[in-house]
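Residue strings, one per chain:
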Amino acid sequence: MTAKTVFILNGPNLNLLGAREPEIYGSDTLADIEAASKVKAGELGLSVDFRQSNNEGTLIDWVQEADKHATGLIINPGGFTHTSIALLDALTAASLPKIELHLSNIHAREAFRQKSITAGAANGVIMGIGAAGYPLALEAIKSLIEGQKR
Ligand code: CA2
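Nothing here was measured: the structure is a model prediction, and the numbers come from that model.

**Student:** Where do I start with the site of the ligand in this structure?
**Tutor:** As a matter of local geometry, the ligand sits amid 16 residues, with Asn76, His82, Leu103, Ser104 and Arg113 nearest to it. Interatomic distance of 3.4 Å between a backbone N/O atom of Gly79 and an oxygen atom of the ligand. Here the ligand, which alone exposes 500 Å², has 94% of that area covered by the protein. In this structure the site holding the ligand corresponds to the largest pocket. Classifying every residue of the shell around the ligand gives six nonpolar, seven polar and three charged.

Quick look at the structure:
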């Protein structure tokens, strides 16, 4: 049986992880997070399609692609979390299980980061535990997929 594919989408500037601001985002690079996510997915019987883009339209295209071809979606929308109604619309239109993920606790940061425009379209949100949130988000997606079968 082919493993169910979960898309993990990462938004703007997350390609810079590990290089700057480790006190906020940790010292793992996005490549480290991708590798750990793939290990965790294997343990859960899932496969991962891990992507990053600085482009809002590309992320929207990938959300639509996930809805057609994937079984679950984990998204860290980066700064678009706080600005993008277009990404919210794409996520709302996508009917697969979705988890929004943030490395930092956005509620403990600047006022402009404390509102997520996109989170309302997700089944759940994981934040504030750094790179460790990615494997937890995969567990959450697995649980949501299992719940769909019942
Ligand atoms: O905490 C998160 O995961 C965020 O989604 C990260 C976004 C930020 O805009 C959100 O408010 C919260 C920013 C990611 C930028 O990452 C950088 C990493 C290293 C150096 C500079 C930026």
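The structure having been displayed, the exposition proceeds.
**Student:** What is the right way to read the sheet that holds strand β2 (residues 46–52) from this model?
**Tutor:** Pairing between sheet strands relies on hydrogen bonds along the backbone, with the strands arranged either parallel or antiparallel. Spatially, β2-β1-β3-β4-β5 is the arrangement adopted by the five strands of the open sheet, whose pairing is parallel. Of all the strands in the sheet, just β2 and β5 (124–127) have a single pairing partner and so form its edges. Going across the sheet, the axis of each strand differs from the next one's by a mean of 20 degrees, ignoring polarity. Bridging between strand β1 (residues 4–10) and strand β3 (residues 72–76) involves five bridges; their strand directions are parallel. Directly across from Asn10, in β3, lies its bridge partner Asn76. Packed onto the sheet, helix α2 (residues 30–44) meets β1 and β2 and runs at close to 160 degrees relative to β2.

Conventions we followed
- Residues numbered from 1 in each chain as written.
- Predicted model: local features only at pLDDT ≥ 70, side-chain atom pairs only at ≥ 80, totals over all residues.
- Heavy atoms only, no water.
- Near = heavy atom within 4 Å.
- Polar contact = N/O pair within 3.5 Å; in protein donor to acceptor, adjacent residues only side chain to side chain.
- Areas by Shrake-Rupley, 256 points an atom, 1.4 Å probe, with all protein chains shown as cover.
- 1 Å grid on protein atoms, 1.4 Å probe; cavity = no way out; pocket = protein on both sides within 12 Å on 5 of 7 lines; lining within 4 Å.
- Sits in = over half its atoms within 2 Å of the grid points.
- Nonpolar A, V, L, I, M, F, W, Y, C, P; charged D, E, K, R; others polar.
- Pairing = 2+ DSSP bridges.
- Helix = DSSP H or I, 4+ residues; strand = E, 2+ residues; numbered from the N terminus.
- Axes fitted to C-alpha atoms, helices over the stretch in contact; angles between N-to-C directions.
- Contact = heavy atoms within 4.5 Å.

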